[in-house]
Each structure stands twice: as structure tokens, then as C-alpha cells.
Amino acid sequence: MAAQINEGGDDTLVEINVTPMVDVLLSLLIIFMVASPKPPNEQIPISVPKNAVVQQPSDPNATLLVTIDTEGNARLGKEPLAKDYDAMVKQLASNEKAQNDGRIAIKGEDKSKYGWVIRVMSAAHEAGIDRVGIASEKL
């Protein structure tokens, strides 16, 4: 602790010098960081199902699938979707299963353009389908 005395006489100003305390604390921090053991490199066990559940097209609980090929042609289940955006929205809005479930999954082929997938997603949202997902291949 350091004391600073004014030349005026009676007024004493006392200040704490924190620099040595900070130096000691940083030194202790470095010592503890070096001396502490390395964190364990453990793997978290997970259980991956051996056989994935495959939904059949005739399953009434299956999610309705929209597939988009490399030419940009979309199919809603087995029915082709119109290329015109407004007609596509009307088709999705008139599909009973999509409206009842409130969900569809969109699967684009490997070489299909991302813009086509986004276009179908936008049309589905405009048609009142709340949950629009992206379908992927099995792992």
C-alpha cells in the first residue's frame, strides 16, 4: 500500500497500488493453467439405429414429398407441379393431404438448382403450409 502526502500538510490521500496485485494474480493464473491436467478427450457414446424406418408411399402418416429433377420439373407425390408460380401455389393450396398435415418435404436431385428448391418452398409457404422441410438421403 502506498501513501501519498500532499504538501499542504493535513490532507492525506491514501491510494492502493494494484499493479503488484495484478502481476501476482496473473502469475498464479499462468501457473495453474500450466499445472492443471489436460482435459480428457473422451468420446460421447451415441446410439445410432441400425435400420432406419422407411416410409412407404401408401403410408397415411408419411410426409408428402415434393421432388425436383435436374430440369426444374417438380412433382408433388406422383402429380406434376406447374412451372408457373401462381399455379404452383394453387396446386399446393388445393392438395388435401398437404393442407391437413400442414407439412411437406422437398427433395432436389444432385444437380438441381437451389433456386428451384427455394421457389417451391416459397410457394408452399404462400399456400399455407407451415412446415416445409428438406428431405435428404439416408446416412
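The structure presented is a predicted model; accordingly, all values stated were derived computationally and were not measured.

(A) How the structure looks around the packing of helix H2 (residues 85-94) against helix H4 (residues 114-126). Between H2 and H4, the shortest axis-to-axis distance is 8 Å and the interhelical angle comes to 55°. Classified by the angle their axes make, H2 and H4 are oblique. Viewed along their axes, H2 and H4 form a crossing whose handedness is right-handed. Seen from H2, the contacting residues are Tyr 85, Met 88, Val 89 and Leu 92; seen from H4, they are Arg 119, Val 120, Ser 122, Ala 123, Ala 124 and Glu 126.

(B) Quick peek at the sheet that holds strand E5 (residues 79-80). Taken in spatial order, the five strands make up an open sheet running E5-E4-E3-E6-E7, and their pairing is mixed. Looking at strand neighbours, the two that pair on one side only are E5 and strand E7 (131-134), the edges of this open sheet. Here strand E6 (residues 103-108) runs beside E7; their pairing, made up of four bridges, is parallel. Residue pairing across strands places Arg 103 opposite Arg 131, the latter belonging to E7. Against the sheet, H4 makes contact with strand E3 (64-68), strand E4 (74-76), E6 and E7, and its axis sits at roughly 160° relative to E7, the strand it touches most.

(C) Here's a closer look at the pattern of salt bridges. One pass over the structure, following the stated rule, counts one salt bridge. One salt bridge in this structure joins Lys 97 and Asp 101, with 2.8 Å as the shortest N-O distance. Taken together, the residues Lys 97 and Asp 101, both in helix H3 (residues 96-101) and four residues apart, mark about one turn of the helix. Exposure remark for Lys 97: the relative accessible area of 26% places this residue in the partly exposed category.

(D) Here's a closer look at the pairing of E6. With five bridges connecting them, E3 and E6 associate as parallel partners. Bridging across to E6, Leu 64 finds its partner in Ile 104. Once you follow E6 into H4 and on to E7, the crossover reads as right-handed.

(E) Expanded view of the nonpolar core. Ranked by size, the top nonpolar core spans 20 residues in total, and within it Val 66, Leu 92, Ile 104 and Ile 106 carry the most contacts. Looking at this core, the elements with two or more residues in it are E3, E4, H2, E6 and H4. Ranked by residue count, the leading element in this core is H4, at five residues.

(F) Representation of a nonpolar patch on the surface. A cluster of nonpolar residues, Ile 16, Val 18, Met 21, Val 22, Val 24, Leu 25, Leu 26, Leu 28, Leu 29, Ile 31, Phe 32 and Met 33, forms a patch on the protein surface that exposes about 1200 Å² of accessible area. Along the chain, the position of Phe 32 falls in helix H1 (residues 19-35). Overall, the relative accessible area of 58% leaves Phe 32 in the exposed class.

Here is what the cut-offs are and how they apply
- Residues numbered from 1 in each chain as written.
- Predicted model: local features only at pLDDT ≥ 70, side-chain atom pairs only at ≥ 80, totals over all residues.
- Heavy atoms only, no water.
- Axes fitted to C-alpha atoms, helices over the stretch in contact; angles between N-to-C directions.
- Helix = DSSP H or I, 4+ residues; strand = E, 2+ residues; numbered from the N terminus.
- Parallel < 35°, antiparallel > 145°, perpendicular 65-115°, else oblique.
- Left-handed = near helix turned anticlockwise from the far one by under 90°.
- Contact = heavy atoms within 4.5 Å.
- Pairing = 2+ DSSP bridges.
- Salt bridge = Lys/Arg side-chain N within 4 Å of Asp/Glu carboxyl O.
- Buried < 20%, exposed > 50% of the residue type's maximum accessible area, 1.4 Å probe, protein only.
- Right-handed = clockwise from strand over helix to strand, strands pointing away.
- Core = buried A, V, L, I, M, F, W, Y, C linked by side-chain atoms within 4.5 Å.
- Patch = residues over 30% accessible without salt bridge, like charges linked within 9 Å, V, L, I, M, F, W, Y side chains within 5 Å.
- Areas by Shrake-Rupley, 256 points an atom, 1.4 Å probe, with all protein chains shown as cover.

As far as function goes, none of this settles anything; it's purely spatial.
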